[in-house]
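Inside the fold
One-letter residues, chain by chain:
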Amino acid sequence: MNRLTPHFERMLARYPAAPGLLGELITGERYFDIYQRLSDNYSPTLTVSRVQGPLVRQLVAEGVGDPARLAVDTNARRSGSITVRAGHGTPKIWLSAHADICSYLTGPWDGSGYPLTPFCMHRVTPGRRAAMALAEPTGDGPLERLIAGDMVTLEDGSVRFECDDAGLPLCTRVVHHLAASWNRDDDRVTGFLDNQAGSAAVLLATMVLSRLGADALGLVNDEEEGPVDRGNQGFSRASNRLLHRTPLDELPDYVVVSDGHDQEAALKRGATGGFGLGASFVGFSSQARGAVVPPQLLVFARDLAALAAPHGVALREGTGYVGRSDDISAMQFTPNVSIIGYPNAFSHFDQTPRAQMSDLVALTRVLVVVALLAQDADWRAAYL
C-alpha cells in the first residue's frame, strides 16, 4: 500500500491547477533561459550575492511567478546567500541549491603563466582546458573577464593558468570557460551545471509555487565549493551562516537540497547512467558523512515517484555516489533533509560537463510537488 496516497489526493484537491501549471510553466525552454543566464554569469565562491543577486532579482521580475507573492533578498541576513520567498506565511519548506562555481587563485607569474591554488575540489586529470581570469567585483553585477587562457593540470596533480598577461595580481580568480548550451537533438545540457542547474530549478519552482499560493523559501547559496578541507565544516558556509542567524521560530522544519548526482562511474564502465529517467533522490550523501535522509522521508520519496509518474513528474532512486552539498549545513538545524537532484557527469570539468534537459525539467516539477505536499499539516505530522 502507498501510504502517501491520501496526502497526494488531498494535495491535488487543494491545488487543482497544479498538474496543468507544471506542464505549462515548467518547460525546457523556460528552464534553459534561467539556467543559461546563471551559468554564463560566472560567480566564483564569495561573489554570489554581488554577481548573481541582481540577475536573480531580474529573473524573478521577468518570470512566471506572482510578483505580489515573491520577495527577493540578495544577501539574506548578510550571509552571502540569496533567498526568494514565495507567499506571506512562514515557509513550510526550504528548497536549497548553490550558485558558486569552482575557482582557482593565482600565484606569482613564473614566465609563462601562474601556479594555481584550487578553491574547490580539483577533480581533473592531466590536460589543458579553456579558462578565464576574472576581475574583482566593483559593484553589483557580472565580473569583468580579464584574459582567456588555459588551465593546465600536470602529471603531478599541480595546476597552472597559462595566458598572455604577465600582470595579474596575486589571488586573481580563474575559472573554467564554457558557455551554457542545450543540444535539442540529444537533449544534452552543458555549462556550469554545478550548481547553476540546481539553482535554476529552485528559482523556477519557487516562482511556480507563488502562482499556486504556497509558502516556500528558495535558497541560492554561496560558499559550497570552497575551501578544500575534508571535514563538513569546511564548506557550505554561507548556508550555515544564514541558518545560524535565523530566529529559532523561523528555522525550517524541512529542507530539500538539490545538486548534481554523479554518473561518472557508470559512464566509465560503459553504462548509460541515469540520464533521461528523471530527477534523482538518494538516502545519504558522501557515504553518510553528509546528511542521512530520515527513513520516513526516504519512503516518502519512493511513494512519490510512483504517484507522480502519471502526472508527468519523473523521479527515481539513485544508486551511485552523491557528494555532500548544502545538506551538511541543513542537517545541523533540522533532521528533515531530503536529497533530490539531477543526474550529471564531469561537473568539475574533467570532461565536458553533462546533464539532460528532461531530467532538469523533472527536478523542477518534483520540487513543486514536494513543496505543495509540505503545505499540509497532516503531511507534516506524518513525515516530519
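Once a new chain begins, its residue numbering starts again from 1 and follows that chain's sequence as written. With pLDDT at 70 or above as the cut-off, local features in this predicted model cover only qualifying residues; side-chain atom pairs require 80 or more to be listed or tallied, and sums for whole chains, interfaces and linings still use all residues. Where side-chain values are given, they derive from all heavy atoms of the structure, hydrogens and water being excluded.

1. Observations regarding the pattern of salt bridges
Any two side chains of opposite charge can pair, so long as their charged atoms come close to each other. The test is simple: One speaks of a salt bridge when a side-chain nitrogen belonging to Lys or Arg is within 4 Å of a carboxyl oxygen belonging to Asp or Glu. Each helix is a run of H or I in the DSSP string that is no shorter than four residues. Each strand is a run of E no shorter than two, and both are numbered from the N terminus. Classification of residues uses two cut-offs on accessible area relative to the type maximum, computed with a 1.4 Å probe and protein chains only: under 20% is buried, over 50% is exposed, and between them is partly exposed.
Summed over all chains, the structure comprises 17 salt bridges. Salt-bridge contacts for Arg50 lead to Asp140; the nearest nitrogen and oxygen are separated by 3.9 Å. Residue Arg50 is found in helix α4 (residues 48–62), and its partner Asp140 is found in the loop between β6 (127–134) and β7 (145–153); the two are separated by 90 residues along the sequence. A residue is classified by how much of its surface remains accessible, and Asp140, at 61% relative accessible area, is exposed. Put simply, Asp215 and Lys92 hold a salt bridge, and the shortest N to O gap is 3.5 Å. Linking Asp215 in the loop between α5 (193–212) and β12 (216–221) with Lys92 in the loop between β2 (82–86) and β3 (94–98), this pair joins segments that are 123 residues apart in sequence. Classification of Asp215 by relative accessible area gives buried; the value is 12%. Judged by relative accessible area, which is 23%, Lys92 ranks as partly exposed. Among the ionic contacts, a cluster of salt bridges with common partners joins Asp110, Arg128, Asp150, Arg160 and Glu162.

2. Overview of the pairing of strand β5 (residues 114–118)
Put simply, the rule is: Strand pairing follows a simple DSSP-based rule, namely that at least 2 bridges must link the two strands.
Note that strand β4 (residues 104–106) and β5 share three bridges and pair antiparallel. Opposite Thr106, over in β5, you have Leu116 as the bridge partner. Inspection of the sheet shows β5 paired to strand β8 (residues 159–162) by three bridges, in the antiparallel sense. Within the sheet, the bridge partner assigned to Pro115 lies in β8 and is Arg160.

3. Quick word on the sheet that holds β5
Basically, it comes down to this: Axes here mean lines fitted to C-alpha atoms, for a helix over just the part in contact, with angles spanning 0 to 180 degrees between N-to-C directions.
Spatial strand order, β4-β5-β8-β7-β6-β9: six strands in a closed barrel with antiparallel pairing. Shown here is a sheet whose adjacent strand axes are inclined to one another by a mean of 40°, direction ignored. Relative to strand β9 (residues 173–176), β4 is paired through two bridges, and the arrangement is antiparallel. Looking at β9, one finds that Tyr104 is bridged to Val174.

4. Focus: the side chain of Ser286
The criterion, for reference: Polar contacts here mean pairs of N or O atoms no more than 3.5 Å apart (in protein, one a potential hydrogen donor and the other a potential acceptor; neighbouring residues in sequence count only if both atoms are side-chain atoms). In what follows, a contact means two residues having at least one pair of non-hydrogen atoms within 4.5 Å.
Along the chain, Ser286 turns up in the loop between β15 (279–282) and α8 (295–308). Here the side chain of Ser286 touches Arg324 through a polar contact of 3.3 Å, side chain to side chain. With sequence-adjacent residues up to four places away left out, Ser286 is seen in contact with Tyr321, Val322, Gly323 and Arg324.

5. Some details on unusual backbone geometry
Across residues other than glycine, the phi torsion is negative in most instances, and most of the peptide bonds are trans. A cis amide bond, omega 0°, links Asp194 with the succeeding residue Asn195. Tracing the chain through its elements places Asn195 in helix α5. Positive phi is not limited to glycine here, since Cys171 has a value of about 65°. By secondary structure assignment, the location of Cys171 is in the loop between β8 and β9. The phi angle at Phe349 is positive, at roughly 75°, despite the residue not being glycine. Checked against the element boundaries, Phe349 lands in the loop between β17 (337–344) and β18 (355–356).

6. Focus on the sheet that holds β18
Judged by pairing direction, the sheet is antiparallel, and its three strands sit side by side in the order β10-β11-β18 without closing on themselves. In the strand order of this sheet, the two ends are held by β10 (181–183) and β18, each with one partner. Bridging between strand β11 (residues 188–190) and β18 involves two bridges; their strand directions are antiparallel. If you follow Val189 over to β18, its bridge partner there is Ala355.

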